[in-house]
Amino acid sequence: MVRYLLFFSYIGTKFNGAQAQAAIDVRNPRVRTVQCALEAGLLTLKPKNEPRTSLSSRTDSGVHAFESTAHVDLHHFEHGKFYKPDVITFAMNVYFADRDCDVRILRTRIVPDEFNCRHNATSRTYVYRIAVPKRDILPGLPDMSLRSKYISLLPLLEMNSCNLVYPPFDAEAAGKAARLFRGTHNFTSFMMKRSSRDRNPPRNPVRNMEVAEMTPGRGILVEHDQFHDHLEYWDFTFRSSGFLHRQVRRMVGALCAVGSGRLTEENITYMLDNPSHLSWMKFNPGHTPPQGLFLKKVTYNEKDMTLPADYFEVIAKYPHATYLNQKRNGMLFRSQFLSFDKVFIN
């Protein structure tokens, strides 16, 4: 049994979130979560065990990822063999491409048995993209609904990857307010209120925000897009060891409200200094929609992913169990093991 770390990207438009919501059959074609797609793709390798992935980040429906991670334990279907990481990457990408599934495996690596993609993550970086019209390019239709203007103003390629914020928008004020989130704060005001049916233990709302900034962005294929001259793109970037449910979308919603003049820096400070759901509802700036949000990167310490020197020797000798089990059960003895380059890896 070998533990693998998958680095992957996905377009979240067609998925009902990243994490599977129940213990359901991953072969069910109606399942539309990223986790179930990963596990269905792993089945093409025909492992002896049922593949069960653990995700580092649990994004909502419609949220995308440039690079997310998951770990999984796999037992090769043939005795004495284990999967080469590149084989896993190739096989899963072929599976996704054949089924028009918006997931791509970026790379795969073998990690120690005790490695956990969620708990060992040192930071997660999210980017939220917005587009602001420089002017009303449809002045002849003043009574047009906001949704109609949204559809008409945002380029087709940006419909599911960017959020339109209608002017007026003070980018300088929004960028200055974004810096208020830096440092260690209690973000209860910016997290989704827990459901009464939620049986999971409450998460610690105190987070250290390493990066919180707004920078000029760029549209998709702007050099070929006739809308380019009418829009300004902005990226909100946040980096922390972890985030609460809908925290990023609420922070961006509050910052967009500052840019539009509905909130002030003092209001943001108040919500940080008085962490509660009531503080959020006092100003109620609203959270932004999911389509503009991207998980950019999950980072780890290299030492946590480094394999023991005798790792491949042990699993070559005892492929039916994990490396840790061999160590714990005292089954190791000095012998002439096969070197890694002589082990046949399928």
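Everything numeric here is computed off the predicted structure, so don't read it as measured data.

Novice: Looking at this structure, how should I read the overall build of the protein?
Specialist: Broken down by element type, the protein carries 10 helices and 10 strands. By residue count, 49% of the 346 residues in the protein fall in the buried class. At a minimum sequence separation of 6, the contacts of the protein that also span at least 24 residues come to 74%. In the form shown here, the protein has an accessible surface area of approximately 17600 Å², with 51% of it arising from carbon and sulfur atoms.

Novice: Hey, could you run me through the side chain of T237 in this one?
Specialist: Structurally, T237 is set in strand β9 (residues 231-240). Given a relative accessible area of 13%, T237 falls into the buried group. Ignoring any residue separated from it by four or fewer positions in sequence, one finds T237 in contact with T125, Y126, V127, V211, A212 and E213.

Novice: Looking at this structure, I do not really get a nonpolar patch on the surface. What am I missing?
Specialist: Where nonpolar side chains cluster on the molecular surface, the patch consists of L157, I220 and L221 and spans about 270 Å² of accessible area. Take L221: it is sitting in the loop between β8 (206-216) and β9. In this structure L221 comes out as partly exposed when scored by relative accessible area, which is 46%.

Novice: What should I look at first to understand the pattern of salt bridges in this one?
Specialist: Between side chains of opposite charge, pairing is possible as soon as their charged atoms come close. For the structure shown, the criterion picks out 12 salt bridges. Residue D60 is joined to R249 by a salt bridge in which the shortest nitrogen-to-oxygen separation is 3.4 Å. Taken together, the positions of D60 in the loop between β2 (54-55) and β3 (64-74) and R249 in helix α5 (residues 247-259) put the pair 189 residues apart, joining distant regions of the chain. Classification of R249 by relative accessible area gives buried; the value is 6%. Of the charged contacts in the structure, one is a salt bridge between K176 and E265, with a shortest N-O distance of 3.9 Å. Taken as a pair, K176 in helix α4 (residues 171-178) and E265 in helix α6 (residues 265-273) lie far apart in primary sequence, 89 residues in all. For E265, a relative accessible area of 24% puts it in the partly exposed group.

Novice: Explain the packing of helix α1 (residues 34-42) against helix α2 (residues 85-98) here, please?
Specialist: A packed helix pair is summarised by two numbers, namely the angle formed by the two axes and the spacing between the axes. Closest axis-to-axis distance for the α1/α2 pair is 9 Å, and the angle between their directions is 115°. Taken together, the axes of α1 and α2 lie roughly perpendicular to each other. Pair α1 / α2 crosses with right-handed handedness. Here A37, L38, A40, G41 and L42 of α1 come into contact with α2, specifically with I88, M92, Y95 and F96. Within the contact of α1 with α2, the residues separate by chemical class into eight nonpolar, one polar and no charged.

What counts, and at which threshold
- Residues numbered from 1 in each chain as written.
- Predicted model: local features only at pLDDT ≥ 70, side-chain atom pairs only at ≥ 80, totals over all residues.
- Heavy atoms only, no water.
- Helix = DSSP H or I, 4+ residues; strand = E, 2+ residues; numbered from the N terminus.
- Buried < 20%, exposed > 50% of the residue type's maximum accessible area, 1.4 Å probe, protein only.
- Contact = heavy atoms within 4.5 Å.
- Areas by Shrake-Rupley, 256 points an atom, 1.4 Å probe, with all protein chains shown as cover.
- Patch = residues over 30% accessible without salt bridge, like charges linked within 9 Å, V, L, I, M, F, W, Y side chains within 5 Å.
- Salt bridge = Lys/Arg side-chain N within 4 Å of Asp/Glu carboxyl O.
- Axes fitted to C-alpha atoms, helices over the stretch in contact; angles between N-to-C directions.
- Parallel < 35°, antiparallel > 145°, perpendicular 65-115°, else oblique.
- Left-handed = near helix turned anticlockwise from the far one by under 90°.
- Nonpolar A, V, L, I, M, F, W, Y, C, P; charged D, E, K, R; others polar.

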